[in-house]
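Listed here are the chains, written in short residue letters.
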There are 2 protein chains.
Amino acid sequence: MSGEFNLIEKYFVGRQQQRKDVLLAAGDDCALVQVPQGLSVAISTDTLVAGTHFLPDANPAWVAHKALASNISDLAAMGATPAWVSFALTMPEPDEAWLAPFCDAFFQLADYFGIQLIGGDTTKGPLSLTLTVQGLVAPEKALRRDGASVGDWIYVTGDLGDSKAGLDVILNRELERKPFASELEQRHYLSTPRVLVGQALLGLASAAIDISDGLISDLPHILQRSQVGASIDVSKLPVSNELVQFVGNPEVALQYALTSGEEYELCFTVPEQNQGAIESALAHCGAKVSCIGQIRPQGTFDLHLHGEALNWSLSGYDHFK
Amino acid sequence: MSGEFNLIEKYFVGRQQQRKDVLLAAGDDCALVQVPQGLSVAISTDTLVAGTHFLPDANPAWVAHKALASNISDLAAMGATPAWVSFALTMPEPDEAWLAPFCDAFFQLADYFGIQLIGGDTTKGPLSLTLTVQGLVAPEKALRRDGASVGDWIYVTGDLGDSKAGLDVILNRELERKPFASELEQRHYLSTPRVLVGQALLGLASAAIDISDGLISDLPHILQRSQVGASIDVSKLPVSNELVQFVGNPEVALQYALTSGEEYELCFTVPEQNQGAIESALAHCGAKVSCIGQIRPQGTFDLHLHGEALNWSLSGYDHFK
């Protein structure tokens with residue numbers, strides 16, 4: 001047995017209860033899973049690279065949470081129920097002081113969402129993680145990006161902007177002295193994927209996406225795929241009191257809310273006739289939701305604040321920039 | 001639209017015919033696929049890191065082939081039919097001179113095996129690739145590692161050892177002058193996953209594995225999972241004439257055959273009563289297979305050559321060593 005296999009055995013195998021639909025997990029050439037009749041499989045892949053998505057000295061438990069939560073968030077945005085995850089870990093050498101807290105946090109979150117690690121790969125190289133999560137959803141109900149229609153209302157979950165403020169702190173330790181700096185740093189790493197909200201939206205929302213690159217970058221994906229436009233009342237963007245205190249000014253907080261990536265909140269659209277049903281379904285999830293605007297005909301993308309068109313220069317997140 | 005999305009659009013989207021079971025590929029939060037009733041999903045993940053699994057200046061077309069072929073080989077080892085692949089690409093900057101030949105080769109091999117790219121991620125960082133392939137197989141017939149019984153015969157496909165010789169050339173350019181050096185280098189990169197063989201073995205072989213770390217490392221996975229031992233007649237290991245010429249000596253060629261990793265040939269076990277059926281099924285695939293030994297009671301792992309126990313010091317491949 002090689003060191004590579006010992007590492008997998010020690011940290012990854014036998015850490016979770018076997019799901020009934022998992023016929024074979026680690027230990028063979030492939031994992032083998034079963035899909036209930038009538039459901040389809042939703043699949044998403046995300047990579048996190050040290051130095052690009054997290055600092056190399058970041059708390060490994062937080063990195064684990066961020067990696068898995070961001071991936072589960074893609075399932076949430078489809079309304080899918082999390083089921084299985086494959087995990088490829090590349091690291092310079094087997095670093096047990098890093099792996100132990102990483103795996104504890106990884107399995108804690110995986111267990112919370114009932115998602116089983118079914119396989120992966122460990123390789124030598126610069127630190128990075130690639131996860132492929134899979135979930136189950138009725139295909140006719142799945143929340144896609146292409147279903148929004150003119151007149152639908154646009155909602156977001158939670159508060160927006162905190163993740164970007166947390167990233168400011170991570171990248172500039174002098175900001176630690178600002179109010180709520182450590183809370184915002186934690187929010188950057190420790191988001192909660194909106195799985196229950198996504199499921200509550202099935203059959204009610206017309207389109208959904210998760211906010212990973214910033215609302216200003218992600219909402220246009222819905223608009224493009226649905227061939228529609230939007231009008232957003234920026235004053236309606238939900239911002240936390242902590243964010244306003246941190247940036248020191250409500251207008252800057254709204255700029256953060258528009259551009260903050262890695263929020264892992266959902267943005268979704270709701271036909272007028274489903275508004276009542278959605279608000280009551282979401283009340284059961286205990287999730288905060290805010291109506292921020294309305295779908296308009298294709299070609300419009302109107303952001304306004306207190307009746308004036310925005311003239312801010314904004315952009316979302318691009319790793320290659 | 002960010003550069004990240006342009007890259008995906010330009011090189012990865014719309015390059016293939018849509019499979020009928022793919023409801024949604026790139027362009028949403030998740031891909032969405034359907035699984036026929038009665039079949040289960042086989043899933044495997046592999047990472048290739050520049051500097052660990054290939055040299056940074058390796059031919060990008062060959063790297064693409066190696067990455068996808070090695071992953072499809074895991075499906076072959078389960079007897080699964082390839083269906084979908086997710087691809088996470090990390091690179092220092094968008095390098096179109098690398099991406100264009102990489103993608104051409106990637107889609108050529110994907111199309112050959114009818115496997116559709118359904119999603120992935122592109123991120124900035126040191127060059128590496130993580131693929132998650134999925135295939136379909138009847139769960140009661142899937143080729144697992146845990147089904148070998150005492151008395152079963154042990155087979156391998158193809159020739160063994162060429163990949164290691166190719167790696168020698170890659171790591172030491174002075175060996176280019178040796179006979180067949182460039183052929184062996186190509187064999188290292190351009191293996192053919194034994195998908196048809198895997199399917200022909202369904203219901204006939206008792207266990208299977210693909211040779212990725214070297215026969216001497218991979219066969220023990222079958223033995224351990226099946227709680228059996230083995231006796232191998234090393235003189236029966238299939239080696240190419242090119243390998244013998246390259247290493248200059250038949251005995252060294254056999255050492256290569258035992259330890260060569262990244263072969264992506266199959267090693268499988270066959271109950272005596274299925275030998276005739278298997279040999280006739282495999283004749284239809286046009287695949288070379290060799291019987292190299294027999295399953296024995298647990299605790300034995302006997303390698304012999306011309307009647308003598310081997311006293312070679314051998315080991316398989318471990319990235320962390």
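Since this is a predicted model, take the numbers as computed values, not measurements. (Residues numbered from 1 in each chain as written. Chains lettered and ligands numbered in written order. Predicted model: local features only at pLDDT ≥ 70, side-chain atom pairs only at ≥ 80, totals over all residues. Heavy atoms only, no water.)

It is worth spelling out the overall build of chain A at this point. Secondary structure summary: chain A contains 10 helices and 13 strands in total. For chain A, whose C-alpha radius of gyration is 20 Å, the value lies close to the compact-globule estimate of 20 Å for 321 residues. Seen through its principal axes, chain A has C-alpha atoms that stretch 70 × 55 × 35 Å. For chain A, buried positions account for 59% of its 321 residues. Sequence separation of at least 24 residues holds for 86% of the intrachain contacts in chain A that already meet a minimum separation of 6. (Helix = DSSP H or I, 4+ residues; strand = E, 2+ residues; numbered from the N terminus. Rg over C-alpha atoms; globule rule 2.2 N^0.38 Å. Buried < 20%, exposed > 50% of the residue type's maximum accessible area, 1.4 Å probe, protein only. Contact = heavy atoms within 4.5 Å.)

Our next topic: the sheet that holds strand β11 (residues 289–297) of chain B. Residue and element names in this part refer to chain B. Strand order in the open sheet made by the 7 strands is β8-β10-β7-β11-β9-β12-β13, with mixed pairing throughout. The open sheet has two edge strands with one neighbour each: β8 (207–210) and β13 (308–309). Relative to strand β12 (residues 301–305), strand β9 (residues 228–233) runs parallel, the two being bridged by 4 bridges. In the sheet register, D233 faces β12, and the bridge partner there is H304. Here helix α10 (residues 275–285) sits on the sheet and contacts β7 (153–157), β10 (266–270) and β11; the angle it forms with β10, its principal contact strand, is near 145°. (Pairing = 2+ DSSP bridges. Axes fitted to C-alpha atoms, helices over the stretch in contact; angles between N-to-C directions.)

Residue and element names in this part refer to chain A. One can read the domain layout of chain A as domain 1 (3–137) and domain 2 (153–309). Domain 1 and domain 2 are separated by 26 Å when their C-alpha centres are compared. Across the boundary between the two partners, domain 1 contributes 22 residues, which contact 20 residues of domain 2. Both faces considered, domain 1 and domain 2 share a buried interface measuring about 1,700 Å² in area, 67% of it formed by carbon and sulfur atoms. (Domains from an automatic or database assignment. Buried area = accessible area lost by both parts, 1.4 Å probe.)

Summed over the entire model, instances satisfying the criterion amount to 30 salt bridges over all chains. As a salt-bridge pair, K236 of chain A and D233 of chain A come within 3.7 Å of each other at their nearest N and O atoms. Take K236 of chain A: its relative accessible area is 46%, and that puts it in the partly exposed class. With relative accessibility at 17%, the residue D233 of chain A sits in the buried group. Look at the salt bridges and you will find they share partners, linking D28 and D29 of chain A together with R145 of chain B into a network. (Salt bridge = Lys/Arg side-chain N within 4 Å of Asp/Glu carboxyl O.)

For the rest of this paragraph, the subject is the interface of chain B and chain A. Where interface size is given, it is often the accessible area lost as the parts come together that is meant. With 68 residues of chain B at the contact, the number on the chain A side is 68 residues. Salt-bridge contacts for R145 of chain A lead to D28 of chain B; the nearest nitrogen and oxygen are separated by 3.7 Å. Summed over the shared surface of chain B and chain A, the result is 21 residue pairs in polar contact (both at pLDDT 80 or more). Sort the elements by how many residues they give to the side of chain B that touches chain A and strand β3 (residues 40–49) of chain B lands first, with 9 residues. Grouping the amino acids of the side of chain B that touches chain A by side-chain chemistry returns 31 nonpolar, 23 polar and 14 charged. Examined bridge by bridge, strand β3 (residues 40–49) of chain A and strand β2 (residues 31–33) of chain B share 3 bridges and lie antiparallel to one another. The partner of A42 of chain A across the bridge, within β2 of chain B, is L32 of chain B. (Polar contact = N/O pair within 3.5 Å; in protein donor to acceptor, adjacent residues only side chain to side chain. Nonpolar A, V, L, I, M, F, W, Y, C, P; charged D, E, K, R; others polar.)

Each strand in a sheet pairs with another by means of backbone hydrogen bonds, the pair being arranged parallel or else antiparallel. On the basis of which strands lie adjacent, the open sheet formed by 6 strands has the order β1(A)-β2(A)-β3(B)-β6(B)-β4(B)-β5(B) and mixed pairing. The sheet is open, and its two borders are formed by β1 (22–24) of chain A together with β5 (116–124) of chain B, each paired with just one other strand. Averaged over all pairs of adjacent strands, the angle between strand axes in this sheet comes to 20°, irrespective of strand direction. Contacts from helix α3 (residues 96–112) of chain B reach β4 (81–91), β5 and β6 (128–137) of chain B, with the element oriented near 170° to β4 of chain B.

Residue and element names in this part refer to chain A. What UniProt calls "binding site: substrate" (unreviewed entry) maps, in this numbering, to H53, E262 and Y317. Structurally, H53 is set in the loop between β3 and α2 (60–78). Of the residues examined, H53 reaches a relative accessible area of 8% and is grouped as buried. (UniProt positions renumbered as here; feature names shortened; annotations may be inferred.)

Let us now look at α3 of chain B. Residues and elements named next belong to chain B. Here α3 spans 24 Å end to end across 17 residues, near enough to the 24 Å set by a 1.5 Å rise per residue. The residue sitting at the N-terminus of α3 and contributing the capping side-chain oxygen is D95; that oxygen lies 3.2 Å from the backbone nitrogen of A97. Downstream of α3 by a residue or two, G114 has a phi angle that is positive, lying close to 65°. (Expected span 1.5 Å × (residues − 1).)

Right, let's get into the UniProt feature "binding site: Mg(2+) 1" (unreviewed entry) in chain A. Following the UniProt record, the feature "binding site: Mg(2+) 1" (unreviewed entry) maps to T45, D46 and D121 of chain A here. Note that D46 of chain A resides in strand β3. Residue D46 of chain A is classed as buried on the basis of its relative accessible area, which comes to 18%. The residues touching D46 of chain A, leaving out its near neighbours within four places in the chain, are S70, N71, D74, L129, T130 and L131 of chain A together with D121 of chain B.

Next up on the list: the packing of aromatic side chains. All names here are of chain A. Tallied over the entire structure, the rule returns 20 aromatic pairs over all chains. The interplanar angle of 40° and the centroid separation of 5.4 Å between the aromatic rings of W62 and Y189 together place this pair among those described as tilted. Placement of the pair is W62 in helix α2 and Y189 in helix α5 (residues 181–189), with a sequence separation of 127 residues. The class for Y189 is buried, based on a relative accessible area of 3%. (Phe/Tyr/Trp six-rings, centres within 6.5 Å; stacked < 30°, edge-to-face > 60°.)

Residue and element names in this part refer to chain B. In contact at an axis separation of 7 Å, helix α4 (residues 162–171) and helix α5 (residues 181–189) are set at 110° when each is read in the N-to-C sense. Our classification of the angle between α4 and α5 gives roughly perpendicular. In this structure, the crossing between α4 and α5 has a hand that is left-handed. Residues D162, S163, A165, G166, L167, V169 and I170 of α4 touch α5, and the partners they reach there are A181, L184, E185, R187, H188 and Y189. For the contact of α4 with α5, a count of residues per class yields 7 nonpolar, 3 polar and 3 charged. (Parallel < 35°, antiparallel > 145°, perpendicular 65-115°, else oblique. Left-handed = near helix turned anticlockwise from the far one by under 90°.)

What follows concerns the nonpolar core. Core analysis: the biggest nonpolar cluster contains 63 residues, and F106, L129 and F268 of chain B have the highest contact counts within it. F106 of chain B has contacts with A64, L68, V85, F87, L117 and L131 of chain B, leaving out every residue within four places of it along the chain. (Core = buried A, V, L, I, M, F, W, Y, C linked by side-chain atoms within 4.5 Å.)

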